[in-house]
Amino acid sequence: MELWFTENQTENVKFSMKVKGHVFSGKSDFQKIDIIDTYEFGRVLVIDGWTMVTEKDEFIYHEMITHVALGVNPNIKRALVIGGGDGGTVRELTGFPTIEEIHMVEIDPVVVQASKDYLSYTSCKLNDPRVTVYYEDGIKYIKDKENYYDLIIVDSTDPIGPGEGLFSEAFYNDCYKALTEEGIMVNQCESPYYPNNAREMKRAYNKIGKIFPICKAYQYNMPTYASGHWLFGFASKKYDPINDFKGFKFKEKLENTKYYNEEIHKGAFALPNYVLKQLEK
Ligand code: SAM
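The model shown is predicted, which means the values in this text are computed figures rather than measured ones. (Residues numbered from 1 in each chain as written. Predicted model: local features only at pLDDT ≥ 70, side-chain atom pairs only at ≥ 80, totals over all residues. Heavy atoms only, no water.)

**Section: unusual backbone geometry**
One non-glycine residue, aspartate 48, lies in the positive phi region at around 50°. One can find aspartate 48 in the loop between strand 4 (42-47) and strand 5 (50-54). Phi angles above zero are rare outside glycine, and serine 227 is one such case at about 75°. Within the secondary structure, serine 227 is located in the loop between strand 11 (214-221) and strand 12 (229-236). (Helix = DSSP H or I, 4+ residues; strand = E, 2+ residues; numbered from the N terminus.)

Here is the structure:
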């Protein structure tokens, strides 16, 4: 008998992976969490039926959500990850020796524990001495922070359920306040392709553009996310992601990346016309 996991990417599009086994199933106060083992993508973290992380393509997401900001400001010392309970974003950040403090604020301890138990490589740096994990709502956590972080990464689920407030203008305002004058915010900014995702992408981008003097979007190719064409937002108080790109300071790091390199850094900000149109004010 064949077992398949199917994600309904839109009302008319489904994406299926053939399953070897169902490794973990749990329900928290916030969401339903599953980990499945698949033939093509290895283990896959699924939240409320949506693919979050697969062992095979997570390097693309986690390199692109972290390395771009570090390429622009290699002196980042304090970083905050909001969401990101699988640990992949933290893992990439720990590779930068200049980062002194990494705070991860994840609302759901079940995601973190399941990732520690079943996604060993993705979660492998959650015990790094520079990392502190707070089990809290990121929206609340950020409220009283001021001028502290050089980098905030919003590694969130889609804007439904607990992740909804992480796409609000009030939250982006609080992030602005929590950042230093050198501050950069990178956020999971959905996809420009299918209308449902594109609507959220445009809304998030417009809100951030009202708050940060520099607001850009950059793209990456994610085989297991709907359409494969996804964006991160890059917002900053001071640094332009291209004009202030330093080249890459940590040469040895660059040799260890599987996706990110200097040309990708620059090229990722070159967006197709249909996306530019969506991002027009
Ligand atoms: N790579 C992923 C993606 O875009 O599909 C993101 C994965 S990560 C697992 C997203 C995490 O954000 C989840 O573990 C979820 O619990 C967490 N999250 C959602 N809302 C949150 C909130 N308000 N505060 C903190 N964490 C939140």
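**Observations concerning the UniProt feature "binding site: S-methyl-5'-thioadenosine" (unreviewed entry) in the chain**
Those places that UniProt annotates as "binding site: S-methyl-5'-thioadenosine" (unreviewed entry) correspond, in this numbering, to Gln31, Glu106, Asp137, Gly138 and Pro162. Taking the relative accessible area as the measure of exposure, glutamine 31 reaches 5% and is therefore buried. Excluding residues within four positions of it along the chain, glutamine 31 makes contact with Gly26, Ile47, Asp48, Asp108, Val111 and Pro162. On the secondary structure map, proline 162 appears in the loop between strand 9 (149-155) and helix 5 (169-178). When near neighbours in sequence (up to four residues on either side) are disregarded, proline 162 contacts Phe30, Gln31, Ile107 and Ile139. (UniProt positions renumbered as here; feature names shortened; annotations may be inferred. Buried < 20%, exposed > 50% of the residue type's maximum accessible area, 1.4 Å probe, protein only. Contact = heavy atoms within 4.5 Å.)

**Things to note about the site of the ligand**
As a matter of local geometry, the ligand sits amid 25 residues, with Gln31, Glu106, Asp137, Gly138 and Pro162 nearest to it. In the model, a nitrogen atom of the ligand is placed 3.2 Å from a nitrogen or oxygen of the methionine 52 main chain. Glycine 138 has a polar backbone atom sitting 2.9 Å from a nitrogen atom of the ligand. When the ligand sits alone it has 590 Å² of accessible area, and the protein chains cover 99% of it. Among the secondary structure elements, those contributing two or more residues to the shell around the ligand are strand 5, strand 7 (101-106) and helix 4 (138-143). Classifying every residue of the shell around the ligand by side-chain character gives ten nonpolar, nine polar and six charged. When residues of the shell around the ligand are sorted by domain, at least three fall in each of domain 1 (3-54) and domain 2 (58-280). (Near = heavy atom within 4 Å. Polar contact = N/O pair within 3.5 Å; in protein donor to acceptor, adjacent residues only side chain to side chain. Areas by Shrake-Rupley, 256 points an atom, 1.4 Å probe, with all protein chains shown as cover. Nonpolar A, V, L, I, M, F, W, Y, C, P; charged D, E, K, R; others polar. Domains from an automatic or database assignment.)

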